[in-house]
Every structure is written in C-alpha cells, then in structure tokens.
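# An overview of the molecular structure
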Amino acid sequence: MSVNSVNSTTAYTPNYQNTYNNTTKVEEEKKSNSNGVVYEKGTSAAKGTYAKEDVVARLKKDAEDRTAQLRSLVQQMMGNQGTRIGQADDMWRFLAKGDFTVTPDVKAQAQKDIADDGYWGVNQTSDRIIEFAKALVGDDPEKAEQMRAAFEKGFKAATKSWGQKLPDISQRTYDAVMSKFDDWAGVKTEA
C-alpha cells in the first residue's frame, strides 16, 4: 500500500495501477511479517503531489497576499477616518467662530431647545449625564467620584475639540452636573 508523501499537506491522487501492485506487496509482507504495516516512501514526482518546498512557497504567498489585503483595508479605513475627522474639526471651528446665519425658524427652535427647560438646556442635559453615569455603575454612590472624573475628562476633550472655551451654556451645564454628582455622592456643600 502506498501512502505517498505522508508528510505532504496536499491531497493524494492515487495511480490505480501502482496502488494495486503496492497493495499486493503489502499483503505479501503482512503474511511474512506480523510486526505491522510497511510504509513505502513516496516521491514528490508522483502524480498529484507537490514537493514540500512547493507547498511552503504557496502557503507563504497566500499569507503575504492576505497580509497585503489587510494592510490595504486598514490604509483605506484609516485614510477615510482621517479625512472625516478633518472635516468634523473644520465644522467645529466654523461653528465656534459664529460666522454664519440661520433662518428665523431654525433660530426659534434652537432657542427653545437650549432654554433652561429645553431638551438641550442645562437641566435636561445635566440630568441625562447623571442618569447615564448612574446606569453605568448601578446607581452606586461610592462610584460617583469615578464617574465625576470621567465626566471631567470628557468635558476637557470637548473643550479641546471646540478649540476654545465652550459656550456659557456648556459651562453652566458643567456646574449643574458637578452639583448633581455632589448630591448623588452625599457631599454636603455650604450655601
């Protein structure tokens, strides 16, 4: 029986004439020797097999091709991300300058939204921030300082993204959030 290239990683395509002849030899060997199976060394030149060097070369090329694909994908993604963040930064700078006009309807809606009781006003925004912080730590007052530190870090990052001091409404929201952190943590403040 021919096992042809036991160490090869490619599929074996048998040569039926040789297989028949080899099987006969193995059967004869089994009859004369009861110690086990006899393996015949295959050759890399046998039909349907490849030399180890060929297999290794193909595997290396496949690995190189996949690495190149991943590199290309990452380059495209990071390039697009860089372009998008550049556009976003430009937008923030544009808004921070205040050099634009809006329609009266948009202005009225914005004023309503940022009023003290509006969705983006100090009260509702600070409430959402505190509720989110509480949800993250299971409303555990002992974790309030950890959440306060995270909020401060986020506020500093937002200020940096804005490119200058944030608008007054943001500063008032910051103060309201800090006061609500104090209440949550049980910190007593003097009036």
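What you see is a predicted model; the values in this text were computed from it and never measured.

## Regarding the environment of Ile130
- Structurally, Ile130 is set in helix 4 (residues 122-136).
- Ile130 sits 54 residues away from Trp184 along the chain, and the two C-alpha atoms are 8.7 Å apart.
- With sequence-adjacent residues up to four places away left out, Ile130 is seen in contact with Val177, Lys180 and Phe181.

## Regarding the confidence of the model for the protein
- Per-residue confidence for the protein gives a mean pLDDT of 75; residues scoring 70 or more make up 63%.
- Mean pLDDT per element in the protein: helix 1 (residues 16-32) is the minimum at 50, and helix 6 (residues 168-185) is the maximum at 92.
- Scored below 50 in pLDDT, residues 1-22 makes 29 contacts in the model with residues more than four places away or belonging to other chains.

## Quick look at the pattern of salt bridges
- Applying the stated criterion across every chain, the model contains five salt bridges.
- We note a salt bridge from Asp116 to Arg172, for which the minimum N-O separation is 3.4 Å. Here Asp116, found in the loop between helix 3 (104-114) and helix 4, pairs with Arg172, found in helix 6; they are 56 residues apart in sequence, far enough to count as distant.
- Owing to a relative accessible area of 44%, Asp116 belongs among the partly exposed residues under this scheme.
- For Arg172, a relative accessible area of 35% corresponds to the partly exposed category.

## Things to note about the packing of aromatic side chains
- For the structure on display, the rule yields six aromatic pairs.
- Ring pairing ties together the aromatic residues Phe151, Phe155, Tyr174, Phe181 and Trp184, which thus form one cluster.
- Geometry around Tyr119 places Arg128 over its ring, the cationic atom sitting 3.8 Å from the centre.
- Taking NZ or CZ as reference, Arg128 lies 5.0 Å from the ring centre of Trp120, over its face.

## Some points on helix 6
- Taking 1.5 Å of rise per residue, the 18 residues of helix 6 would be expected to cover 26 Å, and the 26 Å separating its terminal C-alpha atoms lies within 8% of that figure.
- Every buried residue of helix 6 is listed here: Ile169, Thr173, Ala176, Val177, Met178, Phe181, Asp182 and Trp184.
- Tucked into the core, helix 6 has its buried residues touching helix 3, helix 4 and helix 5 (144-162).
- Following helix 6 by one or two positions, Gly186 adopts a phi angle in the positive range, close to 80°.

## A short note on the layout of surface pockets
- Estimated volume of the largest pocket: approximately 950 Å³.
- Around the largest pocket sit 25 residues that line it, and Ile114, Trp162, Pro167, Ile169 and Ser170 are the ones nearest its centre.
- Taken together, the elements giving at least two residues each to the lining of the largest pocket come down to helix 2 (52-97), helix 3, helix 4, helix 5 and helix 6.
- Top contributing element to the lining of the largest pocket by residue count: helix 3, with six residues.

## Some thoughts on the packing of helix 5 against helix 6
- One way to put it is that helix 5 packs onto helix 6 with a least axis distance of 10 Å and a crossing angle of 170°. In terms of orientation, helix 5 lies roughly antiparallel with respect to helix 6. In this structure, helix 5 contributes Ala144, Glu145, Met147, Arg148, Phe151, Glu152 and Phe155 to the contact, and helix 6 contributes Ser170, Gln171, Tyr174, Val177, Met178, Phe181, Asp182, Trp184 and Ala185.
- Residues belonging to the contact of helix 5 with helix 6 are distributed by class as follows: ten nonpolar, two polar and four charged.

## Quick notes on the side chain of Arg148
- Mapping Arg148 onto the fold places it in helix 5.
- A distance of 3.1 Å separates the side chain of Arg148 from the side chain of Glu145, its partner in a polar contact.
- Residues in contact with Arg148, not counting those within four places in the same chain, are Met178, Phe181 and Asp182.

The rules behind these values
Residues numbered from 1 in each chain as written. Predicted model: local features only at pLDDT ≥ 70, side-chain atom pairs only at ≥ 80, totals over all residues. Heavy atoms only, no water. Helix = DSSP H or I, 4+ residues; strand = E, 2+ residues; numbered from the N terminus. Contact = heavy atoms within 4.5 Å. pLDDT = per-residue confidence, 0-100. Salt bridge = Lys/Arg side-chain N within 4 Å of Asp/Glu carboxyl O. Buried < 20%, exposed > 50% of the residue type's maximum accessible area, 1.4 Å probe, protein only. Phe/Tyr/Trp six-rings, centres within 6.5 Å; stacked < 30°, edge-to-face > 60°. Lys NZ or Arg CZ within 6 Å of the ring centre and 35° of its normal. Expected span 1.5 Å × (residues − 1). 1 Å grid on protein atoms, 1.4 Å probe; cavity = no way out; pocket = protein on both sides within 12 Å on 5 of 7 lines; lining within 4 Å. Points joined across faces, edges and corners; volume = space filled by probe spheres on them. Axes fitted to C-alpha atoms, helices over the stretch in contact; angles between N-to-C directions. Parallel < 35°, antiparallel > 145°, perpendicular 65-115°, else oblique. Nonpolar A, V, L, I, M, F, W, Y, C, P; charged D, E, K, R; others polar. Polar contact = N/O pair within 3.5 Å; in protein donor to acceptor, adjacent residues only side chain to side chain.

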